[in-house]
Amino acid sequence: MNPKKQNNRRPQRPQNNKQGNKAQQQAPSKPRPRTTDQARSASRGEAIRAQRRSHDDAHRMIEQYNLTDLVDKKPQRANYIDESPRLKIIGLGGMDSGGSKNMMLLEYGNDALVIDAGSDLGVDLPGINYGVCDIAYLEQIKHKVKGYVITHGHLDHIGGLPHIVPRVPAPIYGSRFTIGRVEEIFNNFGLPMPEGFVLQTVPMNEHTHEKLKLGVFFVELVGITHSIPGSTCVVVDTPVGRVVNTGDFRLDPNPLDHEKTDSERLMELGREGVLALLSESTTTERAGRTPSESTIEQSYIDIMDRSPGRVFVAVFSTNVNRIQMIVNAAVHHNRKIALDGRSMMSTLEMAVRNGFMKIPKGTFVPIASVPNLKDSEVIVVCTGSQGEPNSALQRMASGEHKHVKLKEQDTVVLSSTPIPESGNDALIGRMVDDLMRKGVHVFRHETYQIDGCGPLHVSGHASIEEYRDMINMLQPKFFIPIYGSFRSKKRHIDIAIEEGIPRANTLNAENGQIIALTQDKMEVVGEVQTGTTLVDQTGALVNSVVVKDRLLLAEEGLVTVILTIDKKSGQLMTSPDIISRGFIYMRDNEELMNLFRTELKRAVMQRYKRIDLDRFKAELKDYVTHFLYEQTQRSPIVIPVVNIIGGNNGSSNKGNGAKGGKPAAPEKTPEQIAAEQQDRFAQMRKALLGQDARVD
């Protein structure tokens with residue numbers, strides 16, 4: 001019989017499908033072992049195809065993030081070289097997925113400028129905290145980079161800096177508050193910086209229209225309103241014309257800190273001439289105008305009037321103006337304020353130190369003192385408005401907070417809405433359920449009308465009419481929407497066309513596309529490598545291969561087979577040890593494990609002495625994969641461990657005493673060497689099998 005045809009035969013299926021289904025329903029977690037003849041005759045190809053499907057599924061899960069690796073990465077040759085006198089604009093991040101890990105590159109000749117370098121907090125992969133931009137192209141032109149200019153201090157615009165700047169060093173420029181935020185994340189970064197790296201930050205005044213020369217570029221910051229202080233437009237005068245990057249913005253007519261958008265300067269820039277406008281596009285599908293932040297100030301006062309007990313307000317730690325409103329309301333009601341959450345404490349400490357908040361003396365108290373204060377005298381401002389695991393409010397909701405236990409008369413205010421395209425809706429919903437189970441009254445912006453209170457949140461991003469105003473103020477020749485999903489950028493282009501910009505002068509660019517600009521022409525002339533590099537909870541970079549293994553482990557589990565073989569006889573010295581993790585519970589599958597050991601003994605007898613050790617391990621892995629799939633229809637990760645006992649290593653001791661000044665150690669007999677190896681193996685086996693009770 002042709003062995004290929006024999007190997008490709010499909011395993012027999014039950015004749016009666018109903019009976020087969022019934023058996024599976026009765027004992028889904030205990031696969032019935034087949035006979036050894038069935039195991040040998042099963043299709044090896046089917047097992048391999050099943051394993052390949054598992055790998056393909058894991059690959060598809062990580063493919064959506066376009067992963068690349070910076071870990072021990074060798075420099076690549078530039079895949080694009082162009083020395084022509086054109087300005088090149090490249091979105092290394094932020095041109096997709098709702099605008100995350102935002103990062104723009106401007107390049108002209110031998111000079112380059114980076115605008116923003118953010119992180120993506122929406123990466124949903126096991127053990128991953130966030131993602132940052134792949135900077136393969138940036139490293140190729142690192143000698144050109146004159147600086148990083150930051151629009152504002154949100155993590156999706158600055159979170160990648162601690163990973164990127166040490167690899168491509170250059171000064172970081174931004175408003176005073178933004179530079180404070182940059183220094184804060186570097187100070188709180190969990191890993192040491194490379195030897196010799198020195199952080200260089202340069203605060204710029206966004207109100208005086210000062211310009212800094214960086215290579216061939218002249219850079220100016222223009223103040224604009226957003227949900228964080230110090231937000232700016234970045235204006236870059238280049239040899240071919242002026243480019244404006246709006247950063248994230250809204251046109252708030254009445255901000256609490258009275259720092260309005262510098263519309264006069266923007267209109268002046270428009271009259272002088274703007275070659276290209278790079279405008280953020282997060283909420284271009286929202287009609288009208290975004291309400292002013294000041295419209296929610298009265299809501300906090302009203303809620304505190306109605307709340308006899310403690311009031312907990314969850315808010316973004318960077319929304320300093322909103323926290324100032326809460327402070328004002330607390331002072332109005334003679335309440336003390338306790339802060340909770342590491343990012344909350346760090347950001348507000350920086351804001352107070354730099355004069356961005358006004359806090360009456362004695363207003364703040366430690367969170368540990370909250371249980372000792374009267375309920376009517378305390379306000380807790382904390383993190384957790386997005387239901388983030390381990391955030392302060394989440395720990396309170398689950399009853400795991402060290403100092404605060406929620407009570408029925410407590411009031412919780414969620415002063416936010418779910419971040420678009422983040423998937424936080426479910427996290428927030430579960431947290432609200434936990435809060436309500438405790439009898440806590442919860443105020444949310446989504447339900448403020450039926451709760452009988454005022455609005456509790458205002459978006460930090462513009463609506464259609466404000467996007468329209470920005471275009472009209474700057475009157476650009478070319479228009480490139482940035483920092484948004486493809487559909488949002490498409491809507492933005494429609495707005496620009498309505499305002500008189502020719503469709504031919506607009507471009508919905510993707511990450512990595514090289515946009516070449518002259519005074520008269522805009523075109524895509526090439527593409528550079530882009531993608532996402534993963535970062536774990538410690539701040540360390542994670543290779544995508546590791547993440548793929550984690551996905552496979554989560555889906556199929558792991559089986560380790562440990563064989564101890566006598567070198568001379570080629571026989572097993574002990575019964576095979578089998579360790580299962582996330583695959584099956586071995587104590588409930590004793591019959592399968594006995595059959596498994598029988599097959600392993602058969603494999604050793606038939607193959608060990610006929611082939612070399614490396615090939616034996618490879619064949620053993622394939623054999624185990626085939627057997628387990630035949631028995632369970634699953635393909636776990638298989639790790640074979642083969643210990644050879646009885647080798648003679650005495651020859652390595654010969655001749656060591658002649659020149660070393662010390663007498664040579666007596667040569668050990670083969671029996672002594674074998675006994676020592678046996679003892680070492682017994683200790684290793686005991687330690688390995690003693691790690692967990694789930695072993696056989």
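The following refers to the structure shown. (Residues numbered from 1 in each chain as written. Predicted model: local features only at pLDDT ≥ 70, side-chain atom pairs only at ≥ 80, totals over all residues. Heavy atoms only, no water.)

Ile379 and Val381 are the most contacted members of the largest nonpolar core, which totals 32 residues. Contributing elements (two or more residues each) for this core: α10 (297-306), β14 (311-314), α11 (320-332), β15 (336-340), α12 (342-353) and β17 (378-382). Sort the elements by how many residues they give to this core and α11 lands first, with 7 residues. (Core = buried A, V, L, I, M, F, W, Y, C linked by side-chain atoms within 4.5 Å. Buried < 20%, exposed > 50% of the residue type's maximum accessible area, 1.4 Å probe, protein only. Helix = DSSP H or I, 4+ residues; strand = E, 2+ residues; numbered from the N terminus.)

Sheet architecture is open: 4 strands sit in the order β4-β5-β23-β24, paired in antiparallel fashion. Of all strands in the sheet, those with a lone pairing partner are β4 (119-120) and β24 (541-542), marking the two edges. (Pairing = 2+ DSSP bridges.)

Let us now look at the pairing of strand β21 (residues 513-517). Of all 5 residues in β21, 4 are buried; the element is thus mostly enclosed. Pairing between strand β1 (residues 87-93) and β21: 4 bridges, direction antiparallel. Across the sheet, the residue bridging to Lys88 is Ala516, located in β21. When β21 meets strand β22 (residues 522-527), the two strands line up antiparallel, connected through 5 bridges. Residue Ile514 lies in a different strand from β22, and its bridge partner there is Gly526. Hairpin remark: β21 followed by β22, antiparallel, with 4 residues in the connecting loop.

This part is about the side chain of Glu107. Mapped onto the elements of the fold, Glu107 is located in strand β2 (residues 103-108). On the basis of relative accessibility, which here comes to 2%, the residue Glu107 falls in the buried class. Engagement of the side chain of Glu107 in a polar contact is seen with the side chain of Tyr137, the distance being 2.7 Å. A distance of 2.7 Å separates polar atoms of two side chains, one belonging to Glu107 and the other to Lys144. When neighbours within four sequence positions are excluded, Glu107 is seen to be in contact with Arg86, Leu87, Lys88, Ile90, Ala112, Tyr137, Ile141, Lys144 and Phe217. (Polar contact = N/O pair within 3.5 Å; in protein donor to acceptor, adjacent residues only side chain to side chain. Contact = heavy atoms within 4.5 Å.)

Reading across the sheet, the 6 strands line up as β9-β10-β11-β12-β13-β20 and stay open at both edges, with mixed pairing between neighbours. The open sheet has two free edges, formed respectively by β9 (211-214) and β20 (476-482), since each of these has just one partner strand. Geometrically, the sheet is characterised by an average inter-axis angle of 20 degrees between neighbouring strands, direction not taken into account. Judged from the 3 bridges that link them, strand β12 (residues 241-245) and strand β13 (residues 274-280) form a sheet pairing that is parallel. Residue pairing across strands places Asn245 opposite Leu278, the latter belonging to β13. Contacts from helix α16 (residues 464-474) reach β12, β13 and β20, with the element oriented near 165 degrees to β13. Against the sheet, helix α17 (residues 486-498) touches β13 and β20, its axis set at about 160 degrees to β20. (Axes fitted to C-alpha atoms, helices over the stretch in contact; angles between N-to-C directions.)

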